[in-house]
2 protein chains.
Amino acid sequence: MQETYSEFHSIFSVDCVIFGFDKGELKILLIERGEEPFINHLALPGNIVGEDEDLDAAAGRVLNELTGLNNIYMEQLHTFGEVGRHPQGRIITVAYFSLIKVKRHELYPKIPFAKKAEWRAFHELPKLAFDHSVILEKAYRRLQRKLRYQPIGFELLPDKFTLTQLQQLYEVILEKEIDKRNFRKKILSYGLLTESGEKQKNVSHRAARLYRFNKRRYNSLKKMGFNFEI
Amino acid sequence: MQETYSEFHSIFSVDCVIFGFDKGELKILLIERGEEPFINHLALPGNIVGEDEDLDAAAGRVLNELTGLNNIYMEQLHTFGEVGRHPQGRIITVAYFSLIKVKRHELYPKIPFAKKAEWRAFHELPKLAFDHSVILEKAYRRLQRKLRYQPIGFELLPDKFTLTQLQQLYEVILEKEIDKRNFRKKILSYGLLTESGEKQKNVSHRAARLYRFNKRRYNSLKKMGFNFEI
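This one's a predicted model, so the numbers in the text were calculated from it and none came from an experiment.

1. Describing the overall build of chain A
Within chain A one finds six helices and nine strands. Its C-alpha atoms give chain A principal-axis dimensions of roughly 65 × 40 × 30 Å. Out of the 230 residues in chain A, the part that is buried amounts to 53%. Look at the contacts in chain A between residues 6 or more apart in sequence, and 66% of them connect residues 24 or more apart. In the form shown here, chain A has an accessible surface area of approximately 11500 Å², with 46% of it arising from carbon and sulfur atoms.

2. Description of the domain arrangement of chain A
Residues and elements named next belong to chain A. When its domains are assigned, chain A resolves into domain 1 (11-130) and domain 2 (153-223). Using only C-alpha atoms to locate each centre, domain 1 and domain 2 end up separated by 29 Å. Each partner contributes residues to the interface: domain 1 has 10 residues there, and domain 2 has 11 residues. Buried surface at the junction of domain 1 and domain 2, both sides included, amounts to about 910 Å², of which 60% is carbon and sulfur. Summed over the three residues of domain 1 that lose the most area to domain 2, namely Phe21, Leu99 and Lys101, the buried surface amounts to 58% of that side.

3. Focus: the packing of helix 3 (residues 163-174) of chain B against helix 4 (residues 180-189) of chain B
Residue and element names in this part refer to chain B. Packing of helix 3 against helix 4 brings their axes to within 11 Å, and their N-to-C directions diverge by 105°. Judged on the interaxial angle alone, helix 4 and helix 3 are roughly perpendicular. Along its contact with helix 3, which presents Leu163, Thr164, Leu166, Gln167 and Tyr170, the element helix 4 presents Lys180, Phe183, Arg184, Ile187 and Leu188. Class assignment of the residues belonging to the contact of helix 3 with helix 4 gives a composition of six nonpolar, two polar and two charged.

4. Concerning the packing of aromatic side chains
Scanning the entire structure with this criterion turns up 20 aromatic pairs over all chains. Centroid distance Phe154 of chain A to Phe161 of chain A: 5.5 Å. Interplanar angle 40°. Geometry classified as tilted. With a relative accessible area of 5%, Phe154 of chain A lands in the buried category. When the centroid spacing of 6.0 Å and the interplanar angle of 65° are considered together, the rings of Phe19 of chain B and Phe122 of chain B count as edge-to-face. Remark: Phe122 of chain B occurs in the loop between strand 7 (114-121) and helix 2 (132-149) and Phe19 of chain B occurs in strand 1 (residues 9-22); sequence separation between them is 103 residues. Residue Phe122 of chain B is classed as buried on the basis of its relative accessible area of 11%.

5. Digging into helix 1 (residues 55-67) of chain A
A turn of α-helix holds 3.6 residues, and therefore any two residues three or four places apart point the same way. Residues and elements named next belong to chain A. Given a rise of 1.5 Å per residue, 13 residues ought to cover 18 Å, and the 18 Å separating the end C-alpha atoms of helix 1 matches this to within 8%. Of all the residues in helix 1, the buried ones are Leu55, Ala58, Ala59, Arg61, Val62, Leu63, Asn64, Glu65, Leu66 and Thr67. A positive backbone phi angle near 85° is found at Gly68, which sits one or two residues after helix 1.

6. Looking at the relation of the copies chain A and chain B
Both copies of the chain are related through a single rotation about an axis accompanied by a shift along the same axis. By a simple turn and slide, chain A fits onto chain B: the slide is 0.0 Å along the axis, the RMSD is 0.0 Å, and the turn is 180°. The operation mapping one copy onto its partner corresponds to a two-fold rotation axis. Mapped onto chain B, 100% of the interface residues of chain A are again interface residues, and the two copies thus contact each other with one and the same surface.

7. Remarks on the UniProt feature "domain: NrtR DNA-binding winged helix" (unreviewed entry) in chain A
Within this structure's numbering, the places UniProt gives as "domain: NrtR DNA-binding winged helix" (unreviewed entry) are residues 153-213 of chain A. This span, residues 153-213 of chain A, is 43% helix and 20% strand, and a straight line between its end C-alpha atoms measures 10 Å.

8. Quick notes on the interface of chain A and chain B
Listed by partner, the interface residues are 42 residues for chain A and 42 residues for chain B. Interface area, chain A with chain B, both sides summed: about 3700 Å², of which 56% is carbon and sulfur. At the surface where chain A touches chain B, the tally comes to zero salt bridges. Inspection of the region where chain A meets chain B yields 13 residue pairs in polar contact (both at pLDDT 80 or more). Elements represented by at least two residues in the side of chain A that touches chain B include exactly strand 1 (9-22), strand 4 (46-48), helix 1, strand 5 (75-80) and strand 6 (91-99) of chain A. By residue class, the composition of the side of chain A that touches chain B is 17 nonpolar, 13 polar and 12 charged.

Analysis parameters
Along every chain, residues carry numbers that run from 1 in the direction the sequence is written. Labels are handed out in written order, letters beginning with A for the chains and numbers beginning with 1 for the ligands. At least 70 in pLDDT is required for a residue's local features to be given in this predicted model, at least 80 for side-chain atom pairs to be given and counted, and no such filter applies to totals for whole chains, interfaces and linings, which use all residues. Computation of side-chain values covers all heavy atoms of the structure but excludes hydrogens and water. Elements are defined by DSSP. Helices are runs of H or I of four residues or more, strands are runs of E of two residues or more, and each kind is numbered from the N terminus. Buried, partly exposed and exposed residues are distinguished by accessible area as a fraction of the type maximum, computed with a 1.4 Å probe on protein chains only: under 20%, between the cut-offs, and over 50%, respectively. A contact between two residues is defined here by any heavy atoms of the two lying within 4.5 Å. Using a 1.4 Å probe, accessible areas were evaluated by the Shrake-Rupley method; residue-level cover was limited to the displayed protein chains. Those domain boundaries reflect an automatic or database domain assignment. Summed over both partners, the accessible area (1.4 Å probe) lost when two parts come together is defined as the buried area. All axes are obtained by fitting lines to C-alpha atoms, using only the stretch in contact for helices, and the reported angles, taken between N-to-C directions, cover 0 to 180 degrees. Should an angle lie under 35 degrees it is considered roughly parallel, over 145 roughly antiparallel, and from 65 to 115 roughly perpendicular; all remaining angles are considered oblique. Polarity classes work like this: nonpolar for Ala, Val, Leu, Ile, Met, Phe, Trp, Tyr, Cys and Pro, charged for Asp, Glu, Lys and Arg, and polar for all others, with Gly in that last group. Centre distance within 6.5 Å is the pairing criterion for rings of Phe, Tyr and Trp, where only the six-membered ring of Trp is used; planes under 30 degrees apart are then read as stacked, over 60 as edge-to-face, and the remainder as tilted. Every helix has an expected span of 1.5 Å times one less than the residues it contains. Copy-to-copy superposition: least squares on the C-alpha atoms, limited to residues that have pLDDT of at least 70 in both copies. UniProt positions are given in the numbering used here, feature names are shortened, and annotations may be inferred rather than shown by experiment. Criterion for a salt bridge: a side-chain nitrogen of Lys or Arg within 4 Å of a carboxyl oxygen of Asp or Glu. Polar contact criterion, stated in full: a pair of N or O atoms within 3.5 Å, where within protein one must be able to donate a hydrogen and the other to accept it, and residues adjacent in sequence count only if both atoms are side-chain atoms.

Set out below in structure tokens:
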């Protein structure tokens, strides 16, 4: 096909970076590997792409086989193709990225390639298999950047949430304290939150109002050139 | 390596999307292919990645061989891995993206894989080889998005430019007219432009002031949380 370099055949894989948020902690969905190399190590859910499989389809299939999750919207994060990133040869991996609501989904691996799938606290992780810690770090940086200028935090929260939960999500992911009054003023000024009419239940402190994110309003504001920014 | 799917070996390539801006037009750097398939067709500068070559290095090497450009900073755009995107088999391509100043660079392909390399007007292109029109469209959307919230237009302009040139760049890339007074007020308010002390030469109308982009000031503002937005 070309003169200077001989054709070289590589294996392709996909790796899925799935973030969640639960009990005030940022979570990441990992598998415990059931096969060598890195057997028993934690890893991103990932595997080889099939010959007749589109990349995006492969990401969905692999995530489903290793965790049981289905119909998760994922976007491409980055392709990692360093020589030597995989001990068994040249394997180039396309990393995908998603934010989901933890509680909606049950986890159960369908193939022994994963011994189990579980949510782990992002800020308390050991080193992952292969270069997965590097991939995860890149995904986290994207999450931090996007959180500042897109209302993506709502993907991680339950459908109904308090303003305190929302602020806590920003504080945990951006790793900084946020002034409560400014935050509430700004977030409410956008008109993107709808009061659900309900309050928290079974809490020891005064029950706070529960809000919903108004996606329809966000989409129509966006069309008019509205910029979300925290 | 896994049970459900047999290992499958693919070729992978890199493709480079290089934008420029010249004489009021958005330009894209293309090659005329010297080999089958799609011989004599216009294509993005792209080729196969070497076995012992990191992805980013491959993008730089391929761009250099096909166009003569050297030391161009490129970021990853997206990886295109649809089954059937290449008539000769499964070839997955990692697309890279860059903005450069047209006039600084001379073009000369070093291998016959490219018969020539040239800047073409982006808005007057025929269909490109392979799925390169799809790749280019995705790059253009990223360019439009980024232009709104990052001062990247300066990468495309000469070192010294008039406010009219800057506005024209925004109008051409965003495909809309921009109010002159608002635009100037906003862009000057950021304090990112420095007067060069010079004016245009050899123009039939009144010579306009020439400005420079103050990158150091942008970087220090950014650290303090400044948001650029047009």
